Amino acid sequence: MDGDLGDFLRSRRARIRPEEVGLPSYGRRRVPGLRREEVAQLAGVSVDYYIRLEQGRGLRASDAVLDAIARVLRLDETEHSYLRTVARPGAAKAPRRPAVPRVRPGVQLLLDAMERSPAFVLGRRMEVLAWNALADALLGFGALEPAARSMPRLVFLDQAAADFYPEWAAIAAQTVANLRISAGRYPDDPALTGLVGELSVKSTDFRRLWADHEVKACAYGVKRVRHPVAGLLTLPYETLTVPEDPDQTLVVYTPEPGSETAERLALLGSWATAG
């Protein structure tokens, strides 16, 4: 995924209007947003230094420099962390993982104990590693081939996704923004690179969103789904990192007790068990 640093910086400075940072907006501009020399000036570094950094020419920027650039480009906390990661890709080499990640038996027991909440575990590539019965009834993981148990593939390659997610465009953007975090953290992961390449070839929507370089973690929020049996469901969710394995994320849908969604999920669980 060469060029991520430069592409990210260019996309971030393109969204900043000069007047927002106290610069005059008059004059002809060939590109939207801030020029390289303006970013360098505001961050307190030389123009040559910033250009070499944006071009990825072997610089190892200090925390102070990256913090200054993040301030100028108005990066949020997630984007700031991403900048540090892609600016110094060798700083935190990931330990070699098995070809097929394993979920500890205790984590599976935890999933199974959550009988009223759909819950599943995602790996670093947003692949689905484990799930409980209600998540299977809701999302159908058990009926899929292993390679298809991937949230990015389900969102972008499953023809039913647009009907299943009423706010599909928002879900798609969120999926890409979250996947970008892993891509920046693990630039040498061949399976992750392959996933991005596959989706870029097969989905024009993914290709467009990937080029935007948005970075955002899916830590919590609300999703709406339209299930063929249970109907329209409003599903708040929380995510937690699995202890001892920061590459695995536990996702739990947490409908409010007594809500229509909770009642429909209970019926869905009963229907799935009876079937």
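Draft legend 1. Spatial organisation of the overall build of the protein chain. Helices and strands together make up the secondary structure of the protein chain, namely 13 helices and five strands. Reported as C-alpha extents along the three principal axes, the dimensions of the protein chain are approximately 70 × 40 × 35 Å. For the protein chain, with 275 residues in total, the buried portion stands at 43%. Taking all contacts inside the protein chain whose residues are at least 6 apart in sequence as the whole, residues at least 24 apart take part in 54%. As presented, the protein chain carries roughly 14,800 Å² of accessible surface, and 53% of it is formed by carbon and sulfur atoms. In the protein chain, 37 side chains carry a positive charge and 35 a negative one; their mean positions are 6 Å apart.

Draft legend 2. Main features of the sheet that holds strand β4 (residues 231-241). Spatial ordering of the open sheet is given by β2-β1-β5-β4-β3, a layout of five strands whose pairing is antiparallel. Edge positions in the open sheet fall to β2 (128-131) and β3 (220-227), since each of these has one partner strand only. Neighbour-to-neighbour, the strand axes of this sheet turn through a mean angle of 30°, independent of strand direction. Lying over the sheet, helix α13 (residues 260-274) contacts β3 and β4, oriented at roughly 90° with respect to β4.

Draft legend 3. Local environment of the packing of aromatic side chains. For the coordinates displayed, the defined rule picks out nine aromatic pairs. A cation over a ring is seen here: R180 above W210, with NZ or CZ 3.9 Å from the ring centre.

Draft legend 4. Highlighting the pairing of β2. Pairing of strand β1 (residues 119-122) with β2 involves three bridges; the strand directions are antiparallel. Within the sheet, the bridge partner assigned to F120 lies in β2 and is W131. Hairpin connection, β1 to β2: the antiparallel pair is bridged by five residues, and M126 has positive phi, about 65°.

Draft legend 5. Inspection of the pattern of salt bridges at higher detail. A complete count under the given rule lists 21 salt bridges for this structure. Linking R84 and D67 is a salt bridge whose minimum nitrogen-to-oxygen distance equals 2.7 Å. Placement of R84 in helix α5 (residues 77-87) and of D67 in helix α4 (residues 63-72) is noted, with a sequence separation of 17 residues between them. E167 is the salt-bridge partner of R224, the closest N and O atoms lying 2.8 Å from each other. On the criterion of sequence distance, the pair formed by R224 in strand β3 and E167 in the loop between α9 (161-164) and α10 (168-185) is long-range, its members being 57 residues apart. With relative accessibility at 34%, the residue E167 sits in the partly exposed group. Several salt bridges converge on common partners, so that one network encompasses D7, R10, R13, R36 and E54.

Draft legend 6. Representation of helix α12 (residues 204-212) within the structure. Inspection of α12 places F206, L209 and W210 among the buried residues, and these make up the whole buried set. One side of α12 holds all its buried residues, which, seen down the axis, span an arc of 105°. Opposite the buried face of α12, by more than 90 degrees, sit the exposed residues T204 and A211. Summarising the contacts, the buried residues of α12 are in contact with α8 (151-157), α10 and α11 (190-202). H213, located one to two residues past α12, shows a positive phi value of around 60°.

Draft legend 7. Summary view of unusual backbone geometry. Non-glycine residue M126 carries a positive phi angle of around 65°. Phi is positive for E244, close to 70°, though the residue is something other than glycine. The topology assignment puts E244 in the loop between β4 and β5 (249-253). A relative accessible area of 77% means that E244 is categorised as exposed.

Draft legend 8. Quick peek at the packing of helix α1 (residues 4-14) against α5. Interaxial distance between α1 and α5 falls to 9 Å at its minimum, and their mutual angle equals 145°. Judged by the twist between their axes, the crossing of α1 over α5 is left-handed. Facing α1, whose interface residues are D4, L5, F8, L9 and R12, α5 presents E79, Y82, L83, V86 and A87. Looking at the contact of α1 with α5 residue by residue, the classes come out as seven nonpolar, no polar and three charged.

Each value, and the rule that gives it
- Residues numbered from 1 in each chain as written.
- Predicted model: local features only at pLDDT ≥ 70, side-chain atom pairs only at ≥ 80, totals over all residues.
- Heavy atoms only, no water.
- Helix = DSSP H or I, 4+ residues; strand = E, 2+ residues; numbered from the N terminus.
- Buried < 20%, exposed > 50% of the residue type's maximum accessible area, 1.4 Å probe, protein only.
- Contact = heavy atoms within 4.5 Å.
- Areas by Shrake-Rupley, 256 points an atom, 1.4 Å probe, with all protein chains shown as cover.
- Lys, Arg positive; Asp, Glu negative; His and termini not counted.
- Charge placed at Lys NZ, Arg CZ, Asp CG, Glu CD.
- Pairing = 2+ DSSP bridges.
- Axes fitted to C-alpha atoms, helices over the stretch in contact; angles between N-to-C directions.
- Phe/Tyr/Trp six-rings, centres within 6.5 Å; stacked < 30°, edge-to-face > 60°.
- Lys NZ or Arg CZ within 6 Å of the ring centre and 35° of its normal.
- Salt bridge = Lys/Arg side-chain N within 4 Å of Asp/Glu carboxyl O.
- Arc of directions from axis to C-beta.
- Left-handed = near helix turned anticlockwise from the far one by under 90°.
- Nonpolar A, V, L, I, M, F, W, Y, C, P; charged D, E, K, R; others polar.

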